[in-house]
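Spelled out, the chains give:
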Amino acid sequence: MSTLDPAAAAPARPWSIAGSPLTWAALALLLVYPFVASPFFIYQVGGYALVLGIIALSLMFLAGYGGMVSLSQMSAAGLAGYMVAILGSNSVGTGFDWPWWVVVPMAVLVGALFSTGTGLLAVRTAGIYTIMITLAIGMALFLLTQQNYAIFNGHSGFAGIAAPVVLGVDWHQPVPFYYLALFVAAACYAAVLYVARAPFGLALQAIRDNPRRMHALGFHVLAHRVAAYAFAGVIAGLGGVLLVWFNGRISPGTIGVDRMIDILVIAIVGGIRHPAGAFLGAIFFVILETFAIDIVGAERFNTMIGMLFLVVVVFSPDGLLGLWGKARRSLQRQELPNN
Amino acid sequence: MAEPVRTTLGDTGAYALELAGVGRRFGALAALSDVTMSVRAGERRAVLGSNGAGKTTLFNMITGDIALSAGSIRFFGEDITRFPTYERIRRGLRRTYQISQLFGRLSVRDSVFLACRGVSRRRFSFVRPRPDDATLEQAGRIMSAVRLEGRAEALVAELSHGEQRQLELALALAGAPRFILFDEPAAGLSPHERRELVGILTALPAHIGYIIIEHDLDIALRVAQRVTMMHNGRILKEGTPEEIESDPEVQEIYLGGGHG
């Protein structure tokens, strides 16, 4: 899996690990981006899109490879973010003040455990029922954080959370944060691509296509699905840590139902069949969210993103990636007579 | 089961499969009643019967897709009546499906690879196999056995019907099976593909026993050593292919009286 067109890429060189020229070009572009962009674009657009992309990637892994659309990946990320605030330091003064190298693994672990627990409850369901049960789980966490003051500080949540200063670098500054987010995003992206072609990922895709047959090949389908939720939870947890460092604060609003649906919109608009779709969708979403205010006003943002969502889904069920694939195939068809 | 069973090799007298009083009701409908049959290790058995005789239901109960209402099932002496499907598979049981149950968006190689890995402890591995991986080599041998080696990288959804039937066989042959249930493997195949199928079935290692459900009598009687005749969810007759073919009651029910 090396190009952006999953349908064309899958059968070509199934065991290759190296990226395609397009992947390397995209990475080069992302690496030089801070040299040409303003701090606002580096942080508010670039950094934010990478963070949302990581959380959407967690959903993409479950939905694209596993056929399980989980709305609660934002909740797993948010819970990890809460752990950063609670175990580290915050302006409320209730933090444990543990060092970042303890806080981050713990936060990711809690996010992964939450996702695994969601999986345990959700893997017996399919389709719309998976969406409903994960929506319910996400809402339960949202209401818990809103009403519990002892741990989650209720409605107001936590503020004053900052990325640590490590190796003399303040990772809260736009350029360092951007590169940190880019590094984590690239690592998660590569991990998802790698696992997709490893036995675990192949089995997950086979379960998506035909769970009954996988039973008849000796696979414990439900255990495999739960393990997929755990893996997706690690990715969501990493995204959640970055999200709380990005915002500097976290409150129930961070994991509300509208935020849960945002992640779904990002993954679907970008294209659910390839990990690149999560990031493409996130860039699209963040640019719209940032500039729609100037064009249609803040109140109309949801109308606009909703309409664009409809347009993409109607014209390209595989999202923006699907459009890219279509364009490339039609170009190839035009070139054929000349050869 | 008084008469000796013709097996080519490895007949130690052990039973691969023992069904005792197996029954299944769907509400008021008795799909299967009191099915008792034993198949020796390495034996090749055909199950015949008209539509609705309960043949596929029998397979679903042996693999654990459907729970039993009554009776018990032993596999190589072990009571597997309450085992989940994957536990039965890991003990060497395999099956194919009347309507191909495949993975449309995976390649042929990946499908066979997974079938080989399904019974190994490394089915959860997050590490990609190396090109010289033993499971990959095993998958290559199985693809050759079912004559799919030229289509290894093709997506399953792009295969012809005949090729999908071959892949059905490949998935059942993967991972050292001891006993296979073939559910109408010849369904929809051309005469040429049917000849190939017979070649594949007769070339199976002698220690692999099977039960085959097949409406094509020419195939069923050629690849089986014994035949079990089912009717309305019960076992009607059991015998050699010659005995079954010449039995007047069987001819009346299954062959419409005037066959052959």
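Everything in this summary refers to the structure shown in the same document. Fair warning: this is a prediction, and the values are worked out from it, not measured in the lab.

Structural notes on helix α8 (residues 199-209) of chain A
Okay, so step 1: Within α8 of chain A, 10 of the 11 residues are buried, leaving the element largely enclosed by the surrounding structure.
Okay, so step 2: Taken residue by residue, α8 of chain A has Pro199, Phe200, Gly201, Leu202, Ala203, Leu204, Gln205, Ala206, Ile207 and Arg208 of chain A as its buried positions.
Okay, so step 3: Against the buried residues of α8 of chain A lie α3 (39-66), α7 (174-197), α9 (211-215) and α10 (221-247) of chain A together with α3 (108-117) of chain B.

Examining the packing of aromatic side chains
Okay, so step 1: The full count for this structure, using the stated rule, is 18 aromatic pairs over all chains.
Okay, so step 2: Note on Tyr43 of chain A and Phe246 of chain A: the rings are 4.7 Å apart at their centroids and 20 degrees apart in plane angle, and the pair reads as stacked. Linking Tyr43 of chain A in helix α3 with Phe246 of chain A in helix α10, this pair joins segments that are 203 residues apart in sequence. Note on accessibility: Tyr43 of chain A and Phe246 of chain A belong to one class, buried.
Okay, so step 3: Ring pairing ties together the aromatic residues Phe61, Tyr65, Phe200 and Phe231 of chain A together with Phe124 and Phe126 of chain B, which thus form one cluster.
Okay, so step 4: Over the aromatic face of Tyr97 of chain B sits the side chain of Arg95 of chain B, whose NZ or CZ is 4.1 Å from the ring centroid.
Okay, so step 5: Its guanidinium or amino end placed over the ring of Phe76 of chain B, Arg178 of chain B lies 3.9 Å from that ring's centre, counting from NZ or CZ.

A word on the interface of chain A and chain B
Okay, so step 1: Residue-level contacts link 33 residues of chain A with 36 residues of chain B.
Okay, so step 2: In this assembly, chain A packs against chain B so that about 3300 Å² is buried in total across both faces, 61% of it on carbon and sulfur atoms.
Okay, so step 3: Taken together, chain A and chain B are joined by four salt bridges.
Okay, so step 4: Where Asp110 of chain B meets Arg197 of chain A, a salt bridge forms, and the shortest distance between an N and an O atom there is 2.7 Å.
Okay, so step 5: Our count for the chain A to chain B interface comes out at 14 residue pairs in polar contact (both at pLDDT 80 or more).
Okay, so step 6: Of all the elements in the fold, those that place two or more residues in the side of chain A that touches chain B are α7, α8, α9 and α10 of chain A.
Okay, so step 7: With eight residues, the single largest contributor to the side of chain A that touches chain B is α8 of chain A.
Okay, so step 8: Of the residues that constitute the side of chain A that touches chain B, the class distribution is 20 nonpolar, seven polar and six charged.

Observations concerning the packing of α7 of chain A against α8 of chain A
When two helices pack together, their arrangement is captured by the angle between the axes and the distance separating the axes.
Residue and element names in this part refer to chain A.
Okay, so step 1: Where α7 contacts α8, the two axes come as close as 4 Å, and the packing angle between them is 75 degrees. Put simply, α7 runs roughly perpendicular to α8. Residues Val195, Ala196 and Arg197 of α7 form the contact with α8, whose participating residues are Pro199, Phe200, Gly201, Leu202 and Gln205.

Parameters and conventions
Residues numbered from 1 in each chain as written. Chains lettered and ligands numbered in written order. Predicted model: local features only at pLDDT ≥ 70, side-chain atom pairs only at ≥ 80, totals over all residues. Heavy atoms only, no water. Buried < 20%, exposed > 50% of the residue type's maximum accessible area, 1.4 Å probe, protein only. Helix = DSSP H or I, 4+ residues; strand = E, 2+ residues; numbered from the N terminus. Contact = heavy atoms within 4.5 Å. Phe/Tyr/Trp six-rings, centres within 6.5 Å; stacked < 30°, edge-to-face > 60°. Lys NZ or Arg CZ within 6 Å of the ring centre and 35° of its normal. Buried area = accessible area lost by both parts, 1.4 Å probe. Salt bridge = Lys/Arg side-chain N within 4 Å of Asp/Glu carboxyl O. Polar contact = N/O pair within 3.5 Å; in protein donor to acceptor, adjacent residues only side chain to side chain. Nonpolar A, V, L, I, M, F, W, Y, C, P; charged D, E, K, R; others polar. Axes fitted to C-alpha atoms, helices over the stretch in contact; angles between N-to-C directions. Parallel < 35°, antiparallel > 145°, perpendicular 65-115°, else oblique.

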